[in-house]
Amino acid sequence: MKNMKIEFSKLVDYIEEQLDPDEYSRIEKQIENDPALKNMIAVIKALKSEAREADWIQMKKPSHDLFDRLFEDIKKRNCGPGKKYGVNIFDSGLLPIPEGIRPAEVETRRLKYLVGDGDIEMSLYPISPKSFELIGQINGIEQGRSISVELVRGRRRIAAKTNEFYLFRIPKISSGHYSLRIFEGDSTIGELQLEI
Amino acid sequence: MGDNRRDFLERLIDLCRKGDKRAWHELIDLIGPVVFNLCRKSNLSRDESFDIFGRVSYQLVNSINSLSSPEKILSFVATITRRQIFDFYRGLQIVEYYGDQTIESVADETSRSPHEDYEIVKLRGILFEAMSQLSERDYKLVMMLFLDPEEPSYKEISEKLKMPVSSIGPIRAKILARLYKVLSKTKWKFGVFSEDFDKTK
């Protein structure tokens, strides 16, 4: 195929599937006989179809929003000692509501943070339009340690102990911005920001 | 090839290293479809995929300073995404139950086999390396023409890239020719089409 001139302007239409059948098969023959060209077209076509399939249109905004939060958390964490500052890596509240589903106040929100060498998962269950029950679990801590948490908003503090599986529950909290601190005895082993 | 076009990805990564939020969003737009696509192929739900995206982003931010080959960013992201997916399934204890082939054997709705998908990931890396030798404008044009899921019209592309609609057609052909030239010098020795390649050598 070295002596046949490649029609690059037609190749784009070929990729876009906008050629008439005769032209299409003529260009296809050119491609078939040129391995480098064949590879290039195959990859571009595969990437094009992947881009269409990847749901990126719906996921772009939540991904940017999550990334901004995660990036700020990492910056704060890097300023302090011992990776104590929690990095938000998942928030179901950022995801768009699937088509055909009515927005409902009863939707449970789930959050995940990386703290130290472990992570913390939390679920917020609405009990009224502006108040929630918070249930969380701390993972990555060896068994048998005395771990408690404290939710702080201004001067208000709500403390909760964890059970043997490091599960904790705060039965009622209202909307607002909170800090969640994690303690082992009197020492702070983690802290994260939480917008409820 | 001039300096302007040579190192678009390098400059993008450099801006990310400096904490430029717009550059990070541009990088996220580049890697996002790769992450979500790999998750979809591994049969993860939307929530699970978003979780994987967060973990991959976390790793990317933490390793951006030590990334030695910016042109290999997509291969790097594909690798950490696969690892995260594997860890996810291991967390569910499915991997131990069914063996290490689980990820590869997870049902895939596409017509391509896992082997072909893997090859496409590798070829994608080579294509993006070739694209990194294009100018910033040409690079963005390729992205918008072929890889943007929103499939922008020529008018939208013209507005975003500040170029006349009439010049998009000729430029896109020139870019493909340039990519072809770069790729012809590259060895596409592996891949789903490697047999054909070997026959013609």
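Residues numbered from 1 in each chain as written. Chains lettered and ligands numbered in written order. Predicted model: local features only at pLDDT ≥ 70, side-chain atom pairs only at ≥ 80, totals over all residues.

Colleague: How should I be thinking about the overall build of chain B in this particular structure?
Modeller: The secondary structure content of chain B amounts to twelve helices and zero strands. The order of helices and strands in chain B, counted from the N terminus, is α-α-α-α-α-α-α-α-α-α-α-α. The long-range fraction of contacts in chain B, counting pairs at least 24 apart against all pairs at least 6 apart in sequence, stands at 64%. (Helix = DSSP H or I, 4+ residues; strand = E, 2+ residues; numbered from the N terminus. Contact = placed C-beta atoms within 7 Å.)

Colleague: Help me understand the pairing of strand β8 (residues 177-184) of chain A in this model?
Modeller: Side-chain positions along a regular strand alternate between the two faces of the sheet. Residue and element names in this part refer to chain A. Two elements, strand β5 (residues 147-153) and β8, share six bridges in a ladder whose sense is antiparallel. Among the inter-strand pairings, Glu150 is bridged to a residue of β8, identified as Arg181. Note that β8 and strand β9 (residues 187-195) share eight bridges and pair antiparallel. Pairing of Leu180 across the sheet is with Leu192, part of β9. Turn length for the β8-β9 hairpin, with the two strands adjacent in sequence and antiparallel, is two residues, and the turn residue Gly185 shows positive phi of about 65°. (Pairing = 2+ DSSP bridges.)

Colleague: When you look at the sheet that holds strand β3 (residues 118-128) of chain A in this model, what are you seeing that I'm missing?
Modeller: In a beta sheet, neighbouring strands pair by backbone hydrogen bonds and run either parallel or antiparallel. Across the sheet, five strands lie side by side as β1-β2-β3-β4-β7 (chain A); this open sheet has antiparallel pairing. Each edge of the sheet is formed by a strand with only one pairing partner; in this case those strands are β1 (87-91) and β7 (167-174) of chain A. Neighbour-to-neighbour, the strand axes of this sheet turn through a mean angle of 20°, independent of strand direction. Examined bridge by bridge, strand β4 (residues 131-139) of chain A and β7 of chain A share six bridges and lie antiparallel to one another. Bridge pairing in β7 of chain A links Gln137 of chain A to Leu167 of chain A. Running at roughly 160° to β1 of chain A, helix α4 (residues 46-63) of chain B makes contact with β1 and β2 (109-115) of chain A of the sheet. (Axes fitted to C-alpha atoms, helices over the stretch in contact; angles between N-to-C directions.)

Colleague: Hey, could you run me through the interface of chain B and chain A in this one?
Modeller: By convention, interface size is frequently given as the accessible area that disappears when the constituent parts associate. Between chain B and chain A, the contact holds 43 residues from the first and 43 residues from the second. The set of elements that each furnish at least two residues to the side of chain B that touches chain A consists of α3 (21-41), α4, α8 (114-131), α9 (136-147), α11 (165-185) and α12 (194-200) of chain B. The dominant element in the side of chain B that touches chain A, judged by the number of residues it contributes, is α4 of chain B, at ten residues. Looking at the side of chain B that touches chain A residue by residue, the class counts come to 23 nonpolar, nine polar and eleven charged. (Nonpolar A, V, L, I, M, F, W, Y, C, P; charged D, E, K, R; others polar.)

Colleague: I tried to follow the confidence of the model for chain B on my own but got confused; where do I start?
Modeller: The predicted structure's coordinates, where accompanied by low pLDDT, should not be read in detail. All names here are of chain B. Per-residue confidence for chain B gives a mean pLDDT of 75; residues scoring 70 or more make up 72%. Within chain B, α12 has the poorest average pLDDT of any element, 37, and α4 the best, 95. Low pLDDT (under 50) marks residues 1-6, which in the prediction has ten contacts with non-local residues, meaning those over four places away or in another chain. Confidence over residues 189-201 falls short of pLDDT 50; this stretch has 19 contacts with residues more than four positions distant or in other chains. ipTM for the predicted complex: 0.78, alongside a pTM of 0.72. (pLDDT = per-residue confidence, 0-100.)

Colleague: Sorry if this is basic, but what is going on with the packing of helix α4 (residues 56-79) of chain A against α4 of chain B here?
Modeller: Describing two packed helices takes the angle between their axes plus the distance from one axis to the other. Between α4 of chain A and α4 of chain B, whose axes approach to 10 Å, the crossing angle comes to 40°. Judged on the interaxial angle alone, α4 of chain B and α4 of chain A are oblique. The chirality of how α4 of chain A crosses α4 of chain B is right-handed. In this structure, α4 of chain A uses Pro62, Ser63, Leu66, Phe67, Leu70, Phe71 and Ile74 of chain A to contact α4 of chain B, whose residues at the interface are Phe50, Phe53, Gly54, Ser57, Tyr58 and Val61 of chain B. Its residues assigned to classes, the contact of α4 of chain A with α4 of chain B comprises ten nonpolar, three polar and no charged. (Parallel < 35°, antiparallel > 145°, perpendicular 65-115°, else oblique. Left-handed = near helix turned anticlockwise from the far one by under 90°.)

Colleague: I would appreciate a short explanation of the pairing of β5 of chain A in the present structure.
Modeller: Residue and element names in this part refer to chain A. Here β5 runs beside strand β6 (residues 156-161); their pairing, made up of six bridges, is antiparallel. Among the inter-strand pairings, Leu151 is bridged to a residue of β6, identified as Ile158. Counted along the chain from β5 to the antiparallel partner β6, the turn is two residues long, and its residue Gly154 has a positive phi close to 60°.

Colleague: Explain the environment of Gly190 of chain A to me, please; I cannot follow it from the model alone.
Modeller: All names here are of chain A. Looking at the secondary structure, you find Gly190 in strand β9. In this structure, the C-alpha to C-alpha distance between Gly190 and Glu107, residues 83 residues apart in sequence, is 28 Å. Those residues in contact with Gly190 that lie beyond four places of it in its chain are Lys84, Gly86, Val115, Gly116 and Ile182.

Colleague: Looking at this structure, how should I read the environment of Ser132 of chain B?
Modeller: Residues and elements named next belong to chain B. Tracing the chain through its elements places Ser132 in the loop between α8 and α9. Ser132 sits in the buried class, given 21 other C-beta atoms within 10 Å. In this structure the C-alpha to C-alpha distance between Ser132 and Gln84, which are 48 residues apart in sequence, comes to 27 Å. Each residue touching Ser132, except ones within four places of it in the same chain, is listed here: Phe8, Leu9 and Glu71. (Buried ≥ 20, exposed ≤ 12 C-beta atoms within 10 Å, placed from the backbone.)

Colleague: What is the right way to look at the sheet that holds β8 of chain A in this model?
Modeller: Residue and element names in this part refer to chain A. Spatially, β6-β5-β8-β9 is the arrangement adopted by the four strands of the open sheet, whose pairing is antiparallel. With one partner strand each, in any of the chains shown, β6 and β9 form the two edges of the open sheet. Averaged over all pairs of adjacent strands, the angle between their axes in this sheet comes to 20°, without regard to strand direction.

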